[in-house]
Amino acid sequence: MSLAALSKSKINLYLKVLKRRPDRYHEIETVFLPLDTPADRIVLDFETRPGIRVSSTVPGLPENLENLAGRAALAYSDMAKISACWTIRIEKEIPVAAGMGGGSSNAAAVLRLLNDHYRALPEKTLAELALTLGADVPFFLHGRPAVATGVGEVFRYLEGRLFAPPLLIVNPHFPVSAKWAYTHLAPEQIGPDDSGKLERLIDALRRNDPAGVAANLHNDLAYALYEKFPLLAILRDFLRENGALNAEITGSGPSLFAVCATPEERDELALSLSGAFRSVTVFTN
Ligand code: ATP
């Protein structure tokens, strides 16, 4: 028997680091927006042979229990006391180590697939299990727009009608680890934000106001990334100068997203970007 699920990506429209914790984690306040493009596809096969096997379409991506999807399957099997006979195949579209949550999303998709099938764990336990795998994993269990606090696991879901603006996502073809981005965060950036940006951003999402969204983007991790990788500042400026209302890095980078006024302007921007930069991948939402 075989089951399949989509494993979405995300961007952070807003990311404020509030506090460094003694355990190397950080307390943050972030706005997560799930994206349908890019998304991976996870295929789970139930076998008679015991074990957990994980492979993907990306050469060099960790396999089996070194893959976050494999670790999720193992954690589920341990917690639910179910003997694992699973083969997992990841058809990858989400760029790796790109700030788009690919590994976390795959892990959550595996937990969701397994629990929809076995129904062995209550939601609360599943969320706790997700958090042991990574700070972004609980978000992907539901994959709904949310303001997250804590290390990213306490959610205020943005219920009601929400209007994501036309978006263009740009991935330059090099990886950045979240650890690098957090290690290079300037201490003076850490702390609460009393500018009101977060609430203005949420208001703009509710009012279908792309300009309001664009004016209130924020990412504390971006400064160090622009300094270390000048290409990112070049890309951001290109996006801003060629039709985007604004552009920013998502999460720990290096992918950027541009907020546009209309889908037509976004599509034009995608064309000019692809013409000017050969070694980037562009997604539109
Ligand atoms: P993070 O913030 O955790 O770094 P990210 O979205 O920037 O998230 P991922 O694509 O999740 O980055 O990859 C982070 C690391 O996890 C990579 O170095 C990759 O080798 C490893 N990894 C393990 N399993 C997976 C998976 N299923 N998909 C992507 N990366 C994985």
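Residues numbered from 1 in each chain as written. Predicted model: local features only at pLDDT ≥ 70, side-chain atom pairs only at ≥ 80, totals over all residues. Heavy atoms only, no water.

Undergrad: Quick rundown of the overall build of the protein? Include the residues and the values.
TA: The secondary structure content of the protein amounts to 10 helices and 11 strands. Computed over its C-alpha atoms, the radius of gyration of the protein comes to 19 Å, within 12% of the 19 Å expected for a compact globule of 285 residues. With the principal axes as the frame, the protein shows a C-alpha extent of 55 × 40 × 35 Å. Burial analysis of the protein (285 residues in total) assigns 53% to the buried set. In the protein, once contacts between residues fewer than 6 apart in sequence are set aside, the share between residues at least 24 apart is 73%. When the accessible surface of the protein is totalled, it reaches about 12,900 Å², and 53% of it is carbon and sulfur. Positive and negative side-chain charges of the protein, numbering 30 and 33 respectively, have mean locations separated by a distance of 4 Å. (Helix = DSSP H or I, 4+ residues; strand = E, 2+ residues; numbered from the N terminus. Rg over C-alpha atoms; globule rule 2.2 N^0.38 Å. Buried < 20%, exposed > 50% of the residue type's maximum accessible area, 1.4 Å probe, protein only. Contact = heavy atoms within 4.5 Å. Areas by Shrake-Rupley, 256 points an atom, 1.4 Å probe, with all protein chains shown as cover. Lys, Arg positive; Asp, Glu negative; His and termini not counted. Charge placed at Lys NZ, Arg CZ, Asp CG, Glu CD.)

Undergrad: If you had to explain the site of the ligand to someone new, which residues and values would you point to?
TA: Around the ligand, 18 residues are found, and the nearest of them are Asn 67, Ala 97, Gly 99, Gly 101 and Gly 103. Contact distances for the ligand include 2.8 Å between an oxygen atom and a backbone N or O atom of Gly 103. Contact with the protein chains hides 75% of the accessible area of the ligand, taken as 590 Å² for the molecule alone. With three residues, helix α2 (residues 102-118) is the largest single contributor of residues to the shell around the ligand. Here the shell around the ligand is built from residues that sort into 10 nonpolar, seven polar and one charged. (Near = heavy atom within 4 Å. Polar contact = N/O pair within 3.5 Å; in protein donor to acceptor, adjacent residues only side chain to side chain. Nonpolar A, V, L, I, M, F, W, Y, C, P; charged D, E, K, R; others polar.)

Undergrad: Any chance you could break down the pairing of strand β1 (residues 2-20) for me, citing the residues and the numbers?
TA: Bridge analysis of β1 against strand β2 (residues 26-46) gives 17 bridges, and the strand direction is antiparallel. The partner of Tyr 14 across the bridge, within β2, is Val 31. Connecting the antiparallel pair β1 and β2 is a turn made up of five residues, with Arg 24 showing a positive phi of about 75°. With two bridges joining them, β1 and strand β8 (residues 218-219) adopt parallel strand pairing. Opposite Tyr 14, over in β8, you have His 218 as the bridge partner. (Pairing = 2+ DSSP bridges.)

Undergrad: Describe in detail the side chain of Glu 248, supporting the description with residues and values.
TA: Its location among the elements puts Glu 248 in strand β9 (residues 246-249). Within the buried set, Glu 248 has no salt-bridge partner at all; the shortest N-O distance to an opposite charge, 4.8 Å, is to Arg 240. Polar side-chain contacts of Glu 248 include one of 2.6 Å to the side chain of Tyr 226. Every residue in contact with Glu 248, bar those within four places of it in the chain, is listed here: Leu 217, Asn 219, Ala 222, Tyr 226, Ser 255, Leu 256 and Phe 257. (Salt bridge = Lys/Arg side-chain N within 4 Å of Asp/Glu carboxyl O.)

Undergrad: Requested: an account of the pattern of salt bridges, with residues and values cited.
TA: Oppositely charged side chains can form a pair if their charged atoms are brought close together. In this structure the tally under the stated criterion is 13 salt bridges. Between Asp 136 and Lys 10 there is a salt bridge, with the nearest N and O atoms lying 4.0 Å from each other. Note that Asp 136 is positioned in the loop between α3 (123-133) and α4 (137-142) and Lys 10 in strand β1, a separation of 126 residues in sequence. Looking at Asp 136, the relative accessible area reads 21%, which means it is partly exposed. Note that Arg 156 is salt-bridged to Glu 199, the shortest N-O span being 3.1 Å. One end of the pair, Arg 156, is in strand β6 (residues 154-157); the other, Glu 199, is in helix α6 (residues 197-207), with 43 residues separating them in the sequence.

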